[in-house]
Amino acid sequence: MITHPRTEELAEAVGLWIEQIRPTLDPRNGFLARVAGNAMHTIVRELTQGPAAEARATEKMGEVLGREGTFQDLNAELCARIRAGELTPETPGLLSALRVIALDQLAIDQPSYKHEGSL
């Protein structure tokens, strides 16, 4: 059976290649290569961790809003209701849901960030 590399495997390979050639580049291009390599690693994390993070966010937002829906619909409603003052820090489950969502996103965007709960 012929198999092909998965998207995350391709992105990881490009990121590793960038890291490998970066030391041979002049300072400006070395910096740009570091930025590109970091972007590739973020893409890999988004591909591998993103679906579970989105599913958790959808579940948590649904619990706060008391309904089911897509991530996009629930997120739009949650944001609108927070802006309108309908949901506040006193809303049951809101802060814990936002914490889970934020930490999942940080794990993708800034994996070396250490929050107070990780000590």
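The paragraphs below set out a description of the structure included in this document. (Residues numbered from 1 in each chain as written. Predicted model: local features only at pLDDT ≥ 70, side-chain atom pairs only at ≥ 80, totals over all residues. Heavy atoms only, no water.)

### Describing the overall build of the chain
Broken down by element type, the chain carries four helices and zero strands. Against the globule reference of 14 Å for 119 residues, the chain gives a C-alpha radius of gyration of 19 Å, more extended than a compact globule. When its C-alpha atoms are laid out on the principal axes, the chain stretches across 55 × 40 × 30 Å. Residue burial in the chain is summarised as follows: out of 119 residues, 24% are buried. For the chain, contacts bridging at least 24 residues in sequence account for 44% of all contacts bridging at least 6. Surface accessibility of the chain: about 8400 Å² in total, with carbon and sulfur atoms responsible for 59%. Charge centroids of the chain, computed over 12 positive and 17 negative side chains, lie 5 Å from each other. (Helix = DSSP H or I, 4+ residues; strand = E, 2+ residues; numbered from the N terminus. Rg over C-alpha atoms; globule rule 2.2 N^0.38 Å. Buried < 20%, exposed > 50% of the residue type's maximum accessible area, 1.4 Å probe, protein only. Contact = heavy atoms within 4.5 Å. Areas by Shrake-Rupley, 256 points an atom, 1.4 Å probe, with all protein chains shown as cover. Lys, Arg positive; Asp, Glu negative; His and termini not counted. Charge placed at Lys NZ, Arg CZ, Asp CG, Glu CD.)

### Quick word on the packing of helix α2 (residues 27-65) against helix α4 (residues 94-109)
Following both chains from N to C, one finds α2 and α4 inclined at 175 degrees, their axes separated by 8 Å at the closest point. Considered as vectors, α2 and α4 are oriented roughly antiparallel to each other. Contact residues: α2 offers Thr42, Arg45, Glu46, Gln49, Gly50, Ala53, Arg56, Ala57, Lys60, Met61 and Val64, while α4 offers Leu94, Ala97, Val100, Ile101, Asp104, Gln105, Ala107, Ile108 and Asp109. (Axes fitted to C-alpha atoms, helices over the stretch in contact; angles between N-to-C directions. Parallel < 35°, antiparallel > 145°, perpendicular 65-115°, else oblique.)

### What to know about the environment of Glu77
Within the element layout of this structure, Glu77 appears in helix α3 (residues 71-83). It is 8.3 Å that separates the C-alpha atoms of Glu77 and Leu65, two residues lying twelve residues apart in sequence. Not counting chain neighbours up to four residues away, the residues in contact with Glu77 comprise Leu65 and Arg67.

### Description of a nonpolar patch on the surface
A contiguous nonpolar patch, built from Phe31, Leu32 and Val35 and spanning about 280 Å² of accessible area, is present on the exposed surface. Checked against the element boundaries, Leu32 lands in helix α2. When its relative accessible area of 38% is taken as the criterion, Leu32 is described as partly exposed. (Patch = residues over 30% accessible without salt bridge, like charges linked within 9 Å, V, L, I, M, F, W, Y side chains within 5 Å. Salt bridge = Lys/Arg side-chain N within 4 Å of Asp/Glu carboxyl O.)

### Let's talk about the pattern of salt bridges
Overall, the coordinates contain six salt bridges when judged by the stated rule. Across the pair Glu9 and Arg6 runs a salt bridge, and its minimum N-O distance is 3.2 Å. Exposure remark for Glu9: the relative accessible area of 37% places this residue in the partly exposed category. Measuring nitrogen to oxygen at the nearest pair gives 2.6 Å for the salt bridge that ties Glu77 to Arg67. Placement of the pair is Glu77 in helix α3 and Arg67 in the loop between α2 and α3, with a sequence separation of ten residues. Look at the salt bridges and you will find they share partners, linking Arg67, Glu77, Arg81 and Glu86 into a network.

### What about helix α1 (residues 7-21)?
Spanning 15 residues, α1 covers 22 Å between terminal C-alpha atoms, matching the ideal 21 Å at 1.5 Å per step. Taken residue by residue, α1 has Glu8, Ala11, Gly15 and Ile18 as its buried positions. Along the axis of α1, the buried positions cluster into a sector of 85 degrees, meaning they face one direction only. Residues of α1 that are buried in the fold lie against α2. (Expected span 1.5 Å × (residues − 1). Arc of directions from axis to C-beta.)

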